[in-house]
Structure formats: C-alpha cells, structure tokens
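# Inside the fold
Below are the chains, spelled out letter by letter.
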Amino acid sequence: MAAPGALWAEVRALLPGAEEGLTLALSGEVEDCVLPLLRRARGLLYGAAGRPCGAAALQRLGDVLRDYSWEKLNAGPWREVSKAWRQVYAYGCLFGALAEVAAGRSLAPAVRLCDMGLLMGASVLDNVLGRLVRVLQAHLPRGKRRAAAEGSAKRVRIAPPPVPVVQPEDALPHLHCPSLEHFRDNYLIPQKPVVLEGIIDHWPCMKKWSVDYFCQVAGCRTVPVELGTRYTDDEWSQKLMTVSDFINQYIVNENGVGYLAQHQLFDQIPELKEDISIPDYCCLGEGEEDDITINAWFGPEGTISPLHQDPQQNFLAQVFGRKYIRLYSPQDSENLYPHESQILHNTSQVDVEDPDLVKFPSFRKAASQSCILMPGQVLFIPVKYWHYVRSLDTSFSVSFWWS
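Residues numbered from 1 in each chain as written. Predicted model: local features only at pLDDT ≥ 70, side-chain atom pairs only at ≥ 80, totals over all residues. Heavy atoms only, no water.

### Considering the state of the cysteines
Under the convention used in this document: Disulfides are defined as cysteine sulfur pairs within 2.5 Å. Categorising residues by exposure relies on relative accessible area from a 1.4 Å probe, with only protein chains included: less than 20% of the type maximum marks a residue as buried, more than 50% marks it as exposed, and the intermediate range marks it as partly exposed.
Taken as a whole, this structure holds zero disulfides when the rule is applied. Cysteine cysteine 282 is unpaired, with the sulfur of cysteine 283 as its nearest cysteine sulfur at 8.1 Å. Cysteine 282 sits in the buried class, given a relative accessible area of 7%. The closest cysteine sulfur to the non-disulfide-bonded cysteine 371 is located on cysteine 177, 17 Å from its own sulfur.

Structure representation (structure tokens):
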C-alpha cells in the first residue's frame, strides 16, 4: 500500500482542483438543513481534511449525511425515492470514504462506503465513487484464494435432485453462430427461444473467471445477496456482504443458499465488464447500447429462479457451471397460474419440478421446452416468455435485457 500522503494525493486528484468546482448539484429539492451540511463538509475537504482533526470532523459529517438520507431512502417504495436524496447519500459515502483515507486508516471501510454509495446512491461528480474505489482497490492486497472447507465446519450435504433428463421432443433447438438475418427472421421476429453456441467463446471471462478469481479481484467488494432457495418463499431475504464472505459462506461451506442474483455487478466493478461483450444480436433491437441491462447471476448448486416472465428480450450467457431451464410460451399464461398480487404478477405459483396438480390442474396443459445450459452457450429468451431456472453446479451467468 502507498504511504498515506502519496495515497491522499492520488485520491485528491480525483476531485475538482478548487472548492467551487465541487458544485454539490442535486437533481431536486431536499430539506433546508442538508445543503449547509454538504457545504461544511466540502469546506473541510478543501481546507483541513488532510489533518486528523479535519478528517474526524469530515467523518462525522459523512455519518450525519448518510444517516439522514438513509431514512429517506427507506421511507417508501424504491421507485418513489427522490434522486436528490440518493445523491445526498452518495455525498455522505464520499465524504466518509475520504475521511478514512485522510486519517490513514485501513482502506476496507472506505471501499465499503464507496460500494454502499454505488449501490444505494446516485452518481455524483462524474461517478467519483466508482473512480475512487478503483484507486483504493489498487492499494489493497489482492484477495486470498478461497480456503478449502474444513470437514468439521461443513454441513452434512443433502443429495441434490437428479439432473433432469431433457427428452428430444421437449429440447430447445441449438444453433452455431447464426447470421444476424437468420436469427432475426427465424427466432427474434417469430419470438422463438433458441440456444446459441460459439458466440461467446472469445470472451476473456471464459478462460479467466472462476470462484478463486472472484475472490482475488472482487473479494473486498460489497454486493447484495439473496438468502433462501427462491424469492417467493416466506423466509427469503436479502443481505449486503463482501464477495469473499458470500463465497466462503455459501459456496465453500455450503451454509444455506445464497445467490448474487440480478445484480448490475459490471457497473459496480467495470474491470469485470472488460471480460465480456454485448452479443451482436442485440443490435437488432430498437434501443441504444446504453439501454441494455447487464446482470450477474452467481451462486452455488441448487439456486432456483421460480417460473416467471420478464418485460424485455433476454440473452442468458453461461460462463461456468450448468443450469436446467424450462420455458413456456406467453400463450400458456392462463395455465401457469400467475400470482394475483401486483408485486408477483409476473411469477407463477406452480413449483415446476414438483407441481401440485390438484391445486393447479391446468398446468398439465402447458407445453414446455427445456435445456441444460452449458458453459459457452447462450439462451435467447423472448420477451414475456416464462422461464424456470435451477443451477446444477456452482454457476455464473450473465444476462442481457434489451428491447
């Protein structure tokens, strides 16, 4: 790690040269007491943040800004949270992280603050938190390779369900590197699912990524983890933890089921985005490249995404591990018994691999197609197509949602 003074100079170079350049611009109105706190923190940053007394005061202001805005972030549905309050939270994380660096303390709390701002806040100062965490992570030792689970600590393993046998009449078609025109005319326009092969073999992640690799390059980063077998279960919850803790607890020691699911990891850690590419077929859509949502799905054997549908086209790329996937056409929606509640209206009540046909008798009328998605394969899931997913191994997938 660099000497505290050298690191502070490197971090300070990420900020505007003069105090007036750090505008504290917000995208909406906030309570009158907030702006004076932001200005006071800015003054400390440009005046005495390099001295211990300045760092302590800056840390306290960061704490106050985060605590105050956190209440606003959790006061109602996320979609109703004002972007301005998310920006205030991001500034609170920024000032707190800078105070940690200025005081010469361990960088792990500063990295966590940056991640919290990236996860819960909104971008400020040209994504300064993303740039800051990249500098800080470069001064941290690379994460350790995961330790093998000790026999005494590892839970008794319950035999997983057998690997499903996909009957030929139910199997999804496979295509090797189809042309844009062939894919458009035969699958995109008629909205038919297909497994594509040979289109991601050149991705660097296919040779680089593994559980150990994520421990080393992202072990200190904080991410949201889903706890529980499936999100429709009553005991399902979410928790923020570091990638290393997630791997040690849920992949190495198999202590329950944890899933890093539907997370925009590549926005949070841009270095990983350099190892993948947006499939060329996405150019057939109507939106811009920036409109494509890229999500990570990383978890142990046995994670399940219940039968559900999404409002966009989807390419699901399998990097390592295998996944069993079953698809149903939107035309079968009535036979799939969607939940009646608004929040789960896109999710079926049926347990696909163990259906209650007394409670859901029409499910037997629904026609399905299946596949076991292997590393290097990409599944095209048309918009509103129902899909059920179960991981058969420790698995990493990347999804691309596009219009």
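### Comments concerning the sheet that holds strand β7 (residues 304-308)
This is how the line gets drawn: The rule for pairing is simple: two strands pair if DSSP sees at least two bridges between them. The way it works is that DSSP assigns letters per residue, a run of H or I at least four long becomes a helix, a run of E at least two long becomes a strand, and they are numbered from the N terminus. To get an axis, fit a line to the C-alpha atoms, keeping to the stretch in contact for a helix; angles then go from 0 to 180 degrees between the N-to-C directions.
Read across the sheet, four strands follow the order β7-β12-β9-β10 without closing on themselves; strand pairing throughout is antiparallel. Lying at the two open borders of the sheet, with one neighbouring strand each, are β7 and β10 (368-373). When strand polarity is set aside, the average angle formed by the axes of neighbouring strands in this sheet is 15°. As paired strands, strand β9 (residues 323-328) and strand β12 (residues 386-391) are joined by six bridges and run antiparallel to one another. Paired with lysine 323 across the two strands is serine 391, which belongs to β12.

### Things to note about the nonpolar core
Here is the rule we go by: For this analysis, a nonpolar core means a set of buried residues of the types Ala, Val, Leu, Ile, Met, Phe, Trp, Tyr and Cys, connected via side-chain atoms within 4.5 Å. Only heavy atoms enter the contact rule, under which two residues are in contact if any of them lie within 4.5 Å.
Membership of the largest hydrophobic core comes to 50 residues, with the highest contact counts inside it found for Val11, Leu45, Tyr91, Phe95, Leu98, Leu132 and Leu136. Put simply, the parts of the chain that give this core at least two residues each are α1 (4-12), α2 (34-47), α3 (52-73), α4 (83-102), α5 (108-120) and α6 (128-138). Looking at this core element by element, the count peaks at 14 residues for α4. Residues contacting tyrosine 91, with those up to four places away along its chain left out, are Leu22, Leu24, Ala25, Leu26, Leu38, Val124 and Leu125.

### Quick look at a negative patch on the surface
Operational definition: To count toward a patch, a residue needs a relative accessible area above 30% and no salt bridge. Like charges then connect within 9 Å, nonpolar side chains (Val, Leu, Ile, Met, Phe, Trp, Tyr) within 5 Å. Residue exposure ignores everything except the shown protein chains as possible cover, and the areas themselves are Shrake-Rupley values with a 1.4 Å probe. What makes a salt bridge here is a side-chain nitrogen of Lys or Arg within 4 Å of a carboxyl oxygen of Asp or Glu, nothing more. Charged residues are defined here as Lys and Arg on the positive side and Asp and Glu on the negative side; His and the ends of the chain fall outside this count. Charge placement uses NZ in Lys and CZ in Arg. For Asp and Glu, CG and CD serve respectively.
A contiguous patch of negative charge, built from Glu288, Glu289, Asp290 and Asp291, is present on the exposed surface. Along the chain, aspartate 290 turns up in the loop between α12 (270-273) and β6 (293-299). Judged by relative accessible area, aspartate 290 falls into the exposed class, the value being 75%.

### Remarks on the packing of α4 against α5
Convention followed: Angular relationships are summarised with four words: roughly parallel below 35 degrees, roughly antiparallel beyond 145, roughly perpendicular across 65 to 115, and oblique for the angles in between. For this scheme, ten residues count as nonpolar: Ala, Val, Leu, Ile, Met, Phe, Trp, Tyr, Cys and Pro. Four count as charged, namely Asp, Glu, Lys and Arg, and the remainder, Gly too, count as polar.
One way to put it is that α4 packs onto α5 with a least axis distance of 8 Å and a crossing angle of 170°. Regarding the angle of α4 to α5, the classification is roughly antiparallel. Across the interface between the two elements, Arg86, Tyr89, Cys93, Gly96, Ala97, Glu100 and Val101 from α4 touch Pro109, Ala110, Leu113, Cys114, Met116, Gly117 and Met120 from α5. For the contact of α4 with α5, the residue count by class is ten nonpolar, two polar and two charged.

### Points about the side chain of histidine 139
What counts is decided by this rule: Here a polar contact is recorded for every N or O atom pair within 3.5 Å, except that within protein the pair must consist of a potential hydrogen donor and a potential acceptor, and residues adjacent in sequence are included only if both atoms are side-chain atoms.
Within the element layout of this structure, histidine 139 appears in the loop between α6 and β1 (174-176). A polar atom in the side chain of histidine 139 sits 2.8 Å from the side chain of glutamate 10.

### Thoughts on the side chain of serine 305
Tracing the backbone through its elements, the reader meets serine 305 in strand β7. Ignoring anything within four residues of it in the chain, the contact list for serine 305 reads Tyr259, Trp297, His387, Tyr388 and Val389.

### Concerning the pattern of salt bridges
Any two side chains of opposite charge can pair, given that their charged atoms come close. Following the criterion strictly, the structure yields eleven salt bridges and no others. Note that lysine 72 and glutamate 31 form a salt bridge whose closest N and O atoms lie 2.6 Å from each other. Linking lysine 72 in helix α3 with glutamate 31 in the loop between α1 and α2, this pair joins segments that are 41 residues apart in sequence. Here arginine 184 makes a salt bridge to aspartate 185, at a shortest N to O gap of 2.9 Å. Overall, arginine 184 belongs to the partly exposed group, its relative accessible area being 32%. Looking at aspartate 185, the relative accessible area reads 41%, which means it is partly exposed.

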